Each structure stands twice: as C-alpha cells, then as structure tokens.
Amino acid sequence: MSNSIFSGSKISLSEMLAARELRVKTQRELLSADTEEVLLSATMNIPGPVKYSETFSQVFQRVMEAIEEAVNDVTPLVNLFREEPTGIEYYLLVPLAKEELKHRMVEIEENHDYGRLVDLDVLSMDGEEIQAIGRAELNLLPRKCFVCDANAKICGRSRRHTIEEIQTKIVEIVEKGKVCLLYTSPSPRDCS
C-alpha cells in the first residue's frame, strides 16, 4: 500500500466527534442564511484514523471541480472550503431543488473516478431540523461498498471489511484515477 496516501496525522475519536459537531453547526448556520436554498455538504469518505493527507487534498480538488461544473448553471449563495486534520469539508448553498442537486451529486459519486471517495450530502431545512435527502427518496440504488459492491451501509455497520482492506481499495481507486488523468480532460470520468 502507498504510504503517502495515508501519511497524515492520526485523529482521535474525540477529535472526530468535535469535528462532526462543528460540521453540523456549520450546516445549520449556512442553511439558516436562506432556508429556501439547499446545501451540499461534501466530505471525504475515508475510514480509519487518517482523514487528511496531501493526496486526499488533491483527490478532493478534482471532485470539487466536478461539483462546480455540475452546478455551473446557478450562482451559489455560499461557497466554503476547509482543510483540517480531521478531514476536508466543502459547502455549497445553491438555488436548486433538493432532488435536482441530489441527482447531480449521485452522478458524480457514481461516475467520477474519485466519486467513491466522497460523501456528497444534500441538506435542507424542515422547520428547525436539518434534513438529508437520500437516494431511496429518488428511487435510486444505495451506494456500493468499496470492497465488495454490496450495500455500503450494511458493510459499514457490520464491519464486514477491515480498515486495511478498505485502505487497499482506496489506494487502488486513487492510483486508477491518476492514470485516468493522463488520458482524460480536467474533469475525469470513469475510464475503466
């Protein structure tokens, strides 16, 4: 396995929990700015104690380019990017229907070379509560597991795969994406 991909600092559980709390606070603040807009909350999907590295930053930048291309027909109200030891976060508050934005983000998750490595959550306000729109609401299939292509949530909850198995697959995805960059435009798509 490539050591450079997982060369960042190891994050403790308390640091991750604090980062999640801050992420929810940020989401609430951004959605409160305009409750008619929807929020894209993008993060890396990297199990294990290392959540940030230079390679992850480069991968995320490529996905951000695809996101911005996917919503280039609207003007975002807010565009916020953070790189922290606990991971990379990107927020985009846009004037789109939540279903439309979710369809566009699922397209990236499913077809971009690095789409499996990110979570592109579409959020809106329902009264005082933040609501995430799920794939099931749009009659779409659930996300597939990195390792076995089964339902990712089921594999994650049951801890079917070891961190090492998942990290090996992440390295494969990153390396394949680098090869694809040599043969495709600045916004790479699946080149399998």
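Rules used throughout
- The residue count restarts for each chain, going from 1 along the sequence in the order it is written.
- Since the coordinates come from a predicted model, pLDDT governs what is reported: local features require at least 70, and pairs of side-chain atoms require 80 or more to be given and counted, while whole-chain, interface and lining totals use all residues.
- The side-chain values count all of the structure's non-hydrogen atoms but skip hydrogen atoms and water molecules.
- The helix and strand labels rest on DSSP assignments: H or I over at least four residues marks a helix, E over at least two residues marks a strand, and numbering proceeds from the N terminus.
- With a 1.4 Å probe rolled over the protein chains alone, any residue whose accessible area is under 20% of its type maximum counts as buried; one over 50% counts as exposed, and the rest are partly exposed.
- Note on contacts: a residue pair qualifies if any of its non-hydrogen atoms lie within 4.5 Å across the two residues.
- By convention, a stacked pair of Phe, Tyr or Trp rings (six-membered ring in the case of Trp) has centres within 6.5 Å and planes under 30 degrees apart, an edge-to-face pair has planes over 60 apart, and any other such pair is tilted.
- Here, nonpolar core means buried Ala, Val, Leu, Ile, Met, Phe, Trp, Tyr and Cys residues that are tied together by side-chain atoms lying within 4.5 Å of each other.
- Between N or O atoms, a polar contact is any pair within 3.5 Å; within protein, one atom must be a potential hydrogen donor and the other a potential acceptor, and residues adjacent in sequence are included only when both atoms are from side chains.

**Q** Tell me about the environment of Lys144, residues and numbers included.
**A** On the secondary structure map, Lys144 appears in the loop between strand S5 (129–132) and helix H4 (152–158). Under the relative-accessibility criterion, Lys144 is labelled partly exposed at 47%. Between the C-alpha atom of Lys144 and that of Leu93, which follows or precedes it by 51 residues, the distance is 27 Å. Beyond its immediate stretch of four places on either side in the chain, Lys144 contacts Arg116, Asp149, Ala150 and Ala152.

**Q** Which residues make up unusual backbone geometry, and what values do they have?
**A** Positioned with a positive phi, Asn139 is a non-glycine residue whose angle comes to about 60°. Checked against the element boundaries, Asn139 lands in the loop between S5 and H4. With a relative accessible area of 72%, Asn139 lands in the exposed category. In this structure, Arg159 takes a positive phi of about 55° despite not being glycine. Mapped onto the secondary structure, Arg159 falls in the loop between H4 and helix H5 (163–183). Arg159 gets classed as exposed once you look at its relative accessible area, which sits at 72%.

**Q** A description of the packing of aromatic side chains should follow, citing residues and the corresponding values.
**A** Evaluated as defined, the whole model comprises two aromatic pairs. Seen from their ring centres, Phe6 and Phe56 are 5.5 Å apart, and the 80° between their planes marks the pair as edge-to-face. Placement of Phe6 in the segment before helix H1 (13–33) and of Phe56 in helix H2 (residues 54–70) is noted, with a sequence separation of 50 residues between them. Relative accessible area serves as the criterion here: at 13%, Phe6 is assigned to the buried category.

**Q** Run through the nonpolar core, naming residues and quoting values.
**A** Formed by 38 residues in total, the largest nonpolar core has its most connected members in Met44, Phe56, Ile67, Leu101, Met105, Leu117 and Ile170. By residue number, the principal contributor to this core is H2, which donates seven residues. Among the nonpolar cores identified, the runner-up in size contains eight residues, and Leu39, Tyr91, Leu123 and Ile130 belong to it.

**Q** If you had to explain the side chain of Arg82 to someone new, which residues and values would you point to?
**A** Its location among the elements puts Arg82 in strand S2 (residues 78–84). Here the side chain of Arg82 touches Thr26 through a polar contact of 3.0 Å, side chain to side chain. Setting aside residues up to four positions removed in sequence, Arg82 forms contacts with Leu22, Thr26, Gly87, Ile88, Glu89 and Tyr91.

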